[in-house]
Amino acid sequence: MIATSKANESRSAEGRSRVVVIGSGLAGLAATCTLAARGYAVTLCDKNSWLGGKAAVLSEGGYRFDMGPTILTIPEVLRRVFAEAGRDLHEELDLVPLDPQWRSFFTDGTTLDLVPDVAEMRRNLDTLAPGCKAGDGYERFMELAKRLHQLSDDYFFWRPVGGMKDMFDSKRGLSLGLLKEIMGMRPGHSVGGTVRAFVPDERAAQMFDHFTQYVGSNPENTPAVLCGIASMQSRDGVWYPMGGTRAVPEALAALATDLGVEIRTECPVQRIRTEGGKVVGVETASGEFIPAAAVVSNSDSVRTHRELLDQPTAAKFLRRRGYEPACSGVVLYLGLKRRYEQLLHHNFVFSRDPHEEFEWIYRKGEPAPDPTAYVCAPATTEPGVAPEGGEALYVLVHTPYLRPHHDWSKMLPAYRNTIIEKLRSTAGMEDIEDRIEVERTLTPQDINDRYHVLNGAIYGLASHGRFLGAFKPSNRSPDVEGLYLAGGAAHPGPGMPMVMMSGWIAADCVDKDGLVERSRSSQPSPVMAS
């Protein structure tokens with residue numbers, strides 16, 4: 001009896017000084033590194049044999065493909081995570097700026113390059129659409145985007161937000177200035193409507209719609225505040241990590257190891273254990289109990305509640321709002337023996353009619369008959385991704401999230417041909433079939449099964465709703481003390497920088513809440529001071 005009591009005391013003491021992170025996606029790795037840098041004992045559990053979640057790699061026949069995210073923006077987020085441990089981002093990763101940021105191909109045969117310099121972009125638009133003042137409209141749109149970006153910096157980023165009330169300091173009250181700031185976010189307006197109010201050329205508007213594709217949602221039903229993404233990308237640039245985006249989780253995993261994190265791969269968590277509404281640890285699929293005073297879940301927030309928590313807690317979360325999955329997608333990984341010179345590193349091959357496309361994907365819930373294809377051709381920046389003269393082409397077409405009647409084992413062959421025909425007809429890749437040496441695919445069903453996301457959604461939860469669509473579940477659970485959420489299905493949402501920011505926010509909440517005892521002293525970086 002005495003031995004049992006001592007064992008329980010030891011386990012309780014260990015739990016008071018430990019944080020368990022579930023999932024090693026970019027959000028989980030960012031949370032892990034931030035917590036470890038601040039002196040906490042961290043155990044990182046992942047069901048996979050690799051770290052990094054969707055930021056995985058596929059290598060075959062001399063070709064190397066990033067399997068998931070390919071566009072890195074807002075490197076400030078990564079810089080902050082590395083600064084927690086006193087590391088310089090540019091010594092950890094070799095980041096190459098891309099300018100132009102992407103090339104757009106339209107069905108009328110025209111092309112348009114997106115460049116970060118607003119004055120140059122204005123000239124490009126006036127050349128594309130002379131006489132319709134597209135350049136002037138774009139400049140005014142970017143002024144609005146800059147204001148929206150600033151509002152996001154002031155009220156939305158780097159803090160746990162689950163709704164409008166979390167954005168503002170209650171001590172300030174509802175002042176006239178505060179009301180003006182709220183109205184400055186253009187509540188009730190959509191991204192698509194806002195873009196077209198400034199940019200009259202439909203081709204250019206279609207290109208600017210696609211800033212919201214970082215969040216996998218319909219621009220006709222996403223809140224206008226997300227137009228701020230345009231300013232963020234113009235200001236902070238688009239970057240390519242040499243070695244591919246896979247280099248990012250590898251650098252974060254190396255940092256976690258240096259900081260003494262206990263990393264467990266092939267270790268799925270089957271339950272978050274609570275007592276009296278407080279986290280006490282997690283139970284793994286093997287039946288092992290890992291005591292902890294806090295848990296950061298990088299698993300999808302809806303599936304975290306449905307599958308890892310007790311039914312009353314899950315029901316409370318699920319009643320709070322509707323949780324619609326973001327879109328899914330089909331990815332073709334094509335090893336080409338000869339690259340296409342007309343392609344930049346990033347490209348969009350646009351549909352003939354964006355309204356028709358969004359109607360199919362987001363309202364009908366079926367693959368669009370004429371889709372937009374995002375095409376990444378990284379050999380332009382890093383030739384080593386393919387044999388000499390070749391290309392490791394990554395082609396992503398958005399599709400609806402999984403519906404019960406979708407059987408992608410039957411749907412893929414025909415839709416693969418639709419995608420190939422799109423590349424032929426709009427991007428001038430007429431002989432693409434002859435150039436393919438390696439071909440692999442990822443379908444919505446594959447994404448669902450491989451990454452354990454909600455209905456195969458690539459980007460977590462949809463940002464639909466013109467008033468409240470930007471809000472995701474808060475990083476600090478309002479229902480369970482010691483539970484924190486990170487990833488694309490938590491605030492501030494999907495996309496490489498945003499999910500890493502969510503991990504940092506979750507870790508910062510753990511630190512501020514004081515539920516966990518530090519296992520060692522830590523001197524936070526001055527960058528982190530608040």
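Here we summarise the structure given alongside this text. Bear in mind that the values here come from a model prediction, so they are computed numbers and not experimental data. (Residues numbered from 1 in each chain as written. Predicted model: local features only at pLDDT ≥ 70, side-chain atom pairs only at ≥ 80, totals over all residues. Heavy atoms only, no water.)

The tally for this structure, following the rule as stated, stands at 45 salt bridges. Between R203 and D108 there is a salt bridge whose closest N-O contact spans 3.2 Å. Within this pair, whereas R203 is found in helix α9 (residues 202-209), its partner D108 is found in the loop between β7 (102-105) and β8 (111-114), the two being separated by 95 residues in sequence. Shared partners join several salt bridges into a network, and the residues in it are R38, E84, D508, D511, K512 and R518. (Salt bridge = Lys/Arg side-chain N within 4 Å of Asp/Glu carboxyl O. Helix = DSSP H or I, 4+ residues; strand = E, 2+ residues; numbered from the N terminus.)

Counting across every chain of the model gives 19 aromatic pairs. Consider the rings of W102 and F211, whose centres lie 5.5 Å apart with planes at 45 degrees: the pair is tilted. Remark: F211 occurs in the loop between α9 and α10 (228-236) and W102 occurs in strand β7; sequence separation between them is 109 residues. The exposure class assigned to W102 is buried, which follows from its relative accessible area of 1%. Ring plane angle 50 degrees and centroid distance 5.5 Å describe the contact between F348 and Y374, whose orientation is recorded as tilted. (Phe/Tyr/Trp six-rings, centres within 6.5 Å; stacked < 30°, edge-to-face > 60°. Buried < 20%, exposed > 50% of the residue type's maximum accessible area, 1.4 Å probe, protein only.)

Spatially, five strands are ordered β10-β2-β1-β14-β20 in an open sheet, and the strand pairing comes out parallel. The two strands at the open ends of the sheet, each matched to only one other strand, are β10 (262-264) and β20 (483-485). Pairwise comparison of adjacent strand axes, ignoring direction, gives a mean angle of 20 degrees for this sheet. Direction of pairing for strand β1 (residues 18-22) relative to strand β14 (residues 294-297): parallel, over a ladder of four bridges. Opposite I22, over in β14, you have S297 as the bridge partner. Of the strands in this sheet, β1, β14 and β20 touch helix α18 (residues 496-513), which is tilted by about 160 degrees from β20. (Pairing = 2+ DSSP bridges. Axes fitted to C-alpha atoms, helices over the stretch in contact; angles between N-to-C directions. Contact = heavy atoms within 4.5 Å.)

Next up on the list: the side chain of D508. Along the chain, D508 falls in helix α18. Of note is the side chain of D508, whose polar atom sits 2.8 Å from the side chain of R38. (Polar contact = N/O pair within 3.5 Å; in protein donor to acceptor, adjacent residues only side chain to side chain.)

Attention now moves to the packing of helix α3 (residues 76-84) against α18. Where α3 contacts α18, the axes come no closer than 9 Å and their chain directions differ by 35 degrees. Viewed along their axes, α3 and α18 form a crossing whose handedness is left-handed. On α18, the residues touching V77, L78, R80 and E84 of α3 are P497, M500, M501 and W504. (Left-handed = near helix turned anticlockwise from the far one by under 90°.)

A separate point is the sheet that holds strand β11 (residues 269-275). One open sheet holds the three strands; their spatial order is β11-β12-β13, and the pairing between them is antiparallel. Lying at the two open borders of the sheet, with one neighbouring strand each, are β11 and β13 (289-291). Strand after strand, the sheet turns through a mean of 30 degrees between neighbouring axes, direction not considered. Here three bridges tie strand β12 (residues 278-284) to β13, and the two strands are oriented antiparallel to one another. Within β13, the position partnered with V282 by the bridge is I290.

Within the secondary structure, H345 is located in the loop between β15 (328-336) and β16 (346-349). What makes H345 buried here is its relative accessible area of 4%. Polar side-chain contacts of H345 include one of 2.6 Å to the side chain of T381. Setting aside residues up to four positions removed in sequence, H345 forms contacts with L98, Y240, V375, C376, A377, P378, T380 and T381.

This brings us to the nonpolar core. Of all hydrophobic cores here, the largest spans 150 residues; its most connected members are F208, L252, V296, L393, I432 and M500. With eleven residues, the top contributor of residues to this core is α18. Among residues more than four places away in sequence, those in contact with L252 are L26, L29, C33, L78, V81, F82 and M500. The next biggest cluster of nonpolar side chains, apart from the first, holds 15 residues, and it includes V279, V295, L308 and L483. (Core = buried A, V, L, I, M, F, W, Y, C linked by side-chain atoms within 4.5 Å.)

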